[in-house]
Amino acid sequence: MKNTSKTIVFFGSGPVAAKSLELLLQHISIEVVITKPRLKHHKGDVPVLELAERLGIPVMTAVDKRSLDELFASDPAKSELAILIDFGIIVSQKVIDYFSRGIINSHFSLLPEWRGADPISFSILGGQKKTGVSLMLLTAGMDEGPLLAQADYDMEPRITTPALTADLIELSDLALREIIPLYLDGQIVPMDQMQATISDSVEPTYSRKLTKSDGIIDWHKSASQIEREIRAFIEWPKTRTKFGNIDVIITAASTITSSGTVGQPTIINKKPVVFCGKDALVIEKIKPAGKKEMTGEAFLAGYKSIFLAKS
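This section reports on the structure supplied with the text. Quick caveat: nothing in here was measured; it's all calculated off a predicted structure.

Re the packing of aromatic side chains
Moving on, step 1. Within this structure, the stated rule accounts for eleven aromatic pairs.
Moving on, step 2. Aromatic pair Phe 72 and Phe 99: ring centres 5.7 Å apart, planes at 65 degrees, arrangement edge-to-face. Highlighted residues: Phe 72 in helix H3 (residues 65-72) and Phe 99 in the loop between helix H4 (93-98) and strand E5 (103-107), separated in sequence by 27 residues.
Moving on, step 3. Judged by its relative accessible area of 7%, Phe 72 is buried.
Moving on, step 4. With relative accessibility at 2%, the residue Phe 99 sits in the buried group.
Moving on, step 5. Among the aromatic side chains, those forming a connected cluster through ring pairs are Phe 11, Phe 72, Phe 87, Tyr 98 and Phe 99.
Moving on, step 6. Stacked on the ring of Tyr 183, the Lys or Arg Arg 101 has its end atom at 4.4 Å from the ring centre.

Okay, here's the thing in structure tokens:
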């Protein structure tokens, strides 16, 4: 691997982008960062903006596709290449064409699987054993651009979205370190996703933004599917249900082969268990409303009658 002396423009807004930018700065020069602004009534973090300001990196902002087009009409950068990670704004063909070498998007799946907004959560929800990172040249189509490279990642059976995200950020940076200099030197030719993918399937699949309602448990699903949802939704929207009059968030679970009335709670081996559409879910960790996270056994010690009252 060699570093390139050429600068790039970085597009990114969220926490994944901020960590990716922090790693990129160790091996490449950033001419300017394009990110979302700190809105007047916005109470949340603006991680990329905050990082750029703290490090003294030139930064420009856009709130949507139109304002991004207006920004680039002012000829804001000289770099021939840009990198986009976790940006959250649609990029027009006009902006893509501004860069003679295009815009590289680091997408956290093995394209064409899980195109769209949330490939990491959907990799867990899908129960797959392998995922990875795809370096793709941005096009107007949603994650349809030609591939420069892919790197695969073997998923542990109980991995959560935060852990997988952290590992894929590191994998993405390793891939970018290797590929950017080669691409700028003309040693890599972009290839069609269907021809170049290392995914087991060339059939496109699509992820989407999660909603709060995704976190509500449907006990008619299989126990294994609900267990995957718990790991995928651990940060947001969180996996929620109600026992008696108590709202709870389930934060860790396992499955057992067992059958009973769907949604009916029981106790097996001193642990809270709920029968599902197929098999049963063992609640390993749980957080009742207003309380700290606790083990399933500790939950039964304080809420056994309420838990068993659900029918």
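Quick notes on helix H2 (residues 47-55)
Moving on, step 1. Turning to H2, its buried residues number three or more, namely Pro 47, Val 48, Leu 49, Leu 51 and Ala 52.
Moving on, step 2. Packing partners of the buried residues in H2 comprise helix H1 (15-24), strand E2 (29-35) and strand E3 (59-61).
Moving on, step 3. At the exit of H2 stands Gly 56, carrying a positive phi of roughly 75 degrees.

Things to note about the sheet that holds strand E6 (residues 130-137)
Moving on, step 1. The strand order across the open sheet formed by seven strands is E3-E2-E1-E4-E5-E6-E7, and the pairing between neighbours is mixed. Each edge of the sheet is formed by a strand with only one pairing partner; in this case those strands are E3 and strand E7 (147-154). Between one strand and the next, the sheet's axes are offset by a mean angle of 20 degrees, whatever the strand orientation.
Moving on, step 2. When strand E4 (residues 82-84) meets E5, the two strands line up parallel, connected through three bridges. Within E5, the position partnered with Ala 82 by the bridge is Ile 103.
Moving on, step 3. Packed onto the sheet, H2 meets E2 and E3 and runs at close to 140 degrees relative to E2.
Moving on, step 4. Strand contacts of H3: strand E1 (7-11), E2 and E3, with the helix running at about 140 degrees to E2, the strand carrying the most contacts.

Reading the values: rules and limits
- Residues numbered from 1 in each chain as written.
- Predicted model: local features only at pLDDT ≥ 70, side-chain atom pairs only at ≥ 80, totals over all residues.
- Heavy atoms only, no water.
- Phe/Tyr/Trp six-rings, centres within 6.5 Å; stacked < 30°, edge-to-face > 60°.
- Helix = DSSP H or I, 4+ residues; strand = E, 2+ residues; numbered from the N terminus.
- Buried < 20%, exposed > 50% of the residue type's maximum accessible area, 1.4 Å probe, protein only.
- Lys NZ or Arg CZ within 6 Å of the ring centre and 35° of its normal.
- Contact = heavy atoms within 4.5 Å.
- Pairing = 2+ DSSP bridges.
- Axes fitted to C-alpha atoms, helices over the stretch in contact; angles between N-to-C directions.

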